[in-house]
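# Commentary on secondary and tertiary structure
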Amino acid sequence: QVQLVESGGGLVPAGGSLRLSCVASGRTFSGHAMGWFRQAPGKEREFVAAINWSGGNIYYADSVKGRFTISRDNTKNTVYLQMNSLKLEDAAIYYCASERTPVPSTSRYRYSYWGQGTQVTVSS
C-alpha cells in the first residue's frame, strides 16, 4: 500500500511559477513510476507528466512541454512538478499517482495509487 500527499498549490498570476511536491509513504514505493495529472471543473482528469524510478524516462503532455519539469528525489520519497510560464488554462486540481511498473504511463487508468490533489489557480 502507498499513500501520496500533494502540496505546493496556490494562486499565481499568468506567467508565474509554482513547484508542486508529492510525498509517498508505504512499503511498496520502491520501483514505482510516478505521474502528475490534473482535472479542471467539468473536465476529465488529464495527463501532465510521468517519470520512472531512476528518472531516465520522462514524458510530458504537449500542452506543458517546455514549461513544466518533473523530477524525483527517492531519498525523500518525493516527486516534484516545477511549473513555469503558467497560463490560465493550467488552472486545475493537480494529482500525483503511483504504480509499480518500470515504464511510466500517460494513462490515468494505469495508476493504482492517488493523492488527494492540490489546487492551482492562475489569475490574469
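Here's what I pulled together on the structure shown here.

Only one face of strand β7 (residues 68-73) is covered, namely the one carrying F68, I70 and R72; the face carrying T69, S71 and D73 has none of its residues buried. The pairing of β7 with strand β8 (residues 78-83) spans 6 bridges and is antiparallel. When the bridges of β8 are listed, R72 appears paired with V79.

In this section: the pattern of salt bridges. Tallied over the full model, the rule gives 5 salt bridges. Taking the shortest distance from any N to any O, the salt bridge between R38 and E46 comes out at 2.7 Å. Taking relative accessible area as the criterion, R38 reaches 6% and is therefore assigned buried. The closest approach of N and O atoms between D62 and K65, which form a salt bridge, is 3.1 Å. Like D62, the residue K65 is exposed in the burial classification. Each of the salt bridges in this network shares a partner with another, and the network as a whole consists of R38, E46, R67 and D90.

Turning next to the packing of aromatic side chains. Using the criterion set out here, one finds 4 aromatic pairs in the structure. Considering the side-chain rings of F37 and Y111, the 5.5 Å spacing of their centres and the 75° angle between planes classify their relative orientation as edge-to-face. Within this pair, whereas F37 is found in strand β4 (residues 32-39), its partner Y111 is found in the loop between β9 (92-100) and β10 (113-114), the two being separated by 74 residues in sequence. Clustering of aromatic rings is evident, with ring pairs tying together F37, F47, Y111 and W114. A cation sits over an aromatic face here: R45 above Y95, 3.7 Å from the ring centre. Its end group placed over the ring of W114, R45 keeps NZ or CZ at 5.0 Å from the ring centre.

Parameters at a glance
Residues numbered from 1 in each chain as written. Predicted model: local features only at pLDDT ≥ 70, side-chain atom pairs only at ≥ 80, totals over all residues. Heavy atoms only, no water. Buried < 20%, exposed > 50% of the residue type's maximum accessible area, 1.4 Å probe, protein only. Helix = DSSP H or I, 4+ residues; strand = E, 2+ residues; numbered from the N terminus. Pairing = 2+ DSSP bridges. Salt bridge = Lys/Arg side-chain N within 4 Å of Asp/Glu carboxyl O. Phe/Tyr/Trp six-rings, centres within 6.5 Å; stacked < 30°, edge-to-face > 60°. Lys NZ or Arg CZ within 6 Å of the ring centre and 35° of its normal.

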